[in-house]
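Report on the structure
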Amino acid sequence: MTKDTTSPPDQAGGTVAMAVLNAIQNPVVMVDESGFVVFANWEAEAFFGASASHLARYRISTFIPFGSPLLALIDQVRERKAPVNEYRVDLSSPRLGQDKLVDLYVAPVLSEPGAVVIVFQERSMADKIDRQLTHRAAARSVTGLASMLAHEIKNPLSGIRGAAQLLEQSAIDDDRALTRLICDETDRIVSLVDRMEVFSDERPVDRMPVNIHSVLDHVKAVAKAGFARNIRVTESYDPSLPAVYANRDQLVQVFLNLVKNAAEAVGDRPDGEIMLTTAYRPGIRLSVAGTREKISLPLEFCVHDNGPGVPADLLPHLFDPFITTKTNGSGLGLALVAKIIGDHGGIIECDSQNSRTTFRVLMPASKDASLEDASSASSTGPSR
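Quick caveat, the model's predicted, so the values are computed rather than measured. (Residues numbered from 1 in each chain as written. Predicted model: local features only at pLDDT ≥ 70, side-chain atom pairs only at ≥ 80, totals over all residues. Heavy atoms only, no water.)

Per-residue confidence for the chain averages 78 on the pLDDT scale, and 73% of its residues sit at or above 70. The spread of mean pLDDT over the elements of the chain runs between helix α11 (residues 371-375), the lowest at 38, and strand β1 (residues 28-31), the highest at 94. Confidence drops under pLDDT 50 across residues 1-9; counting only partners more than four residues distant or on other chains, this segment forms one contact. Within the model, the stretch residues 369-384 combines pLDDT values under 50 with 39 contacts to residues more than four positions away or in other chains. (pLDDT = per-residue confidence, 0-100. Helix = DSSP H or I, 4+ residues; strand = E, 2+ residues; numbered from the N terminus. Contact = heavy atoms within 4.5 Å.)

Listed below in structure tokens is the structure:
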């Protein structure tokens, strides 16, 4: 007689149910009649920043803001014994972080009196995608402005500068300072217009599989040799990351801009630090307008710094043209970064809290790249 090694039906069913719940990309928790968390899937652990065993020690009210509408929804579901949906509920708090805007689905567990299941669907990614589309529209408006400026401003400026140079030859010493000022200011305006002309470049981007780690290592070397020579720059790379389908030179431009911004934010503080990280984040897919195709953006590249952070009122407009916190800034750097990432079919976002700012870039992987291609000639693990 052979021994039956299969699991009992109830045990096997429970294992399958657990696997299904953990495969769901949204946080799911079950709360008993006393309000204690009796189940949390993997996404819920990540959402609350605590393990399921830790969550089980406390009531759900411990982990959400005081007076949150979620508590009223739970009571409503228990009373009506019917599911309820609530949209755009703000759960932002010091524990959960800023911008925790979620859609809620709360349903009763009929086999467990008083128990309810709560499904959280984070709105942050959808809202950030909407903002990204706004950034692209703003970049297009700058495109038209740049084309006009190149013709209507640069030509007269060259005449003004030429006239100032002629006057300088016959001017007395006191007046030469004024003619030099005219030349310097015209040069500054021409430089600004030249930077804006980049927005009017509509040529297709020449792309190929690129090892992002070699790009970041190059950016780090440039930064350490110049503007970040006195700042600690560390990296934590995913060695199995596939190649990104991109233009290498433009990626260098993007991350040099982000690292330079981070260095300026850190300033001279002795504990200043910039960290470069890469990770693979499956599950982020965008629909392409006019087709049924969905583009996956699994590659995540981040630049973190421990500077003072971005003002909350500025954060939603950070990638718009002419938005800057710098005294002499033009406000075009991050707008250009957003345009380049958008031209590559990617997304850039910024999360900022006190003493921690993260610029996160999400991009598609190269269809022809293998895992080995990405890890070759790059750092193969976390480095400090």
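So, next bit.
A separate point is the sheet that holds strand β3 (residues 84-90). What links the strands of a sheet is backbone hydrogen bonding, and the strands pair in either a parallel or an antiparallel sense. What the five strands build is an open sheet, ordered β2-β1-β5-β4-β3; its pairing is antiparallel. Both edges of this open sheet fall to β2 (37-40) and β3, since each of them pairs with a single strand only. Across this sheet, the average inter-strand angle for adjacent strands is 25°, counted without regard to direction. Where β1 and strand β5 (residues 116-122) come together, four bridges link them in antiparallel fashion. Note that in β5 the partner of Val31 across the bridge is Val116. Strand contacts of helix α4 (residues 69-80): β1, β3, β4 (101-108) and β5, with the helix running at about 20° to β4, the strand carrying the most contacts. (Pairing = 2+ DSSP bridges. Axes fitted to C-alpha atoms, helices over the stretch in contact; angles between N-to-C directions.)

Our next topic: the pairing of strand β14 (residues 356-363). With respect to burial, β14 is a largely interior element, seven of its eight residues being buried. Judged from the seven bridges that link them, strand β12 (residues 299-305) and β14 form a sheet pairing that is antiparallel. The residue of β14 that forms the bridge with His304 is Thr358. With seven bridges connecting them, strand β13 (residues 347-353) and β14 associate as antiparallel partners. Considered in β14, the bridge of Ser352 is made with Thr357. Hairpin connection, β13 to β14: the antiparallel pair is bridged by two residues, and Ser355 has positive phi, about 65°. (Buried < 20%, exposed > 50% of the residue type's maximum accessible area, 1.4 Å probe, protein only.)

Turning to helix α10 (residues 333-343), a few remarks are in order. In an α-helix, one full turn covers 3.6 residues, which means residues spaced three or four apart are oriented alike. Of all the eleven residues making up α10, ten are buried; the element is thus mostly covered by neighbouring parts of the structure. Of the residues making up α10, those classed as buried are Gly333, Leu334, Ala335, Leu336, Val337, Ala338, Lys339, Ile340, Ile341 and Gly342. A positive phi of about 80° marks Gly345, the residue just after α10.

Further remarks concern the environment of Val222. Relative to the elements of secondary structure, Val222 occurs in helix α8 (residues 212-225). C-alpha of Val222 to C-alpha of Leu256: the two residues are 34 residues apart in sequence and 8.2 Å apart in space.

Across the sheet, five strands lie side by side as β7-β9-β12-β14-β13; this open sheet has mixed pairing. Each having just a single partner strand, β7 (232-236) and β13 make up the two edges of the open sheet. Averaged over all pairs of adjacent strands, the angle between strand axes in this sheet comes to 15°, irrespective of strand direction. Helix α9 (residues 248-266) contacts β9 (273-280), β12, β13 and β14 of the sheet and is inclined by roughly 25° relative to β12.

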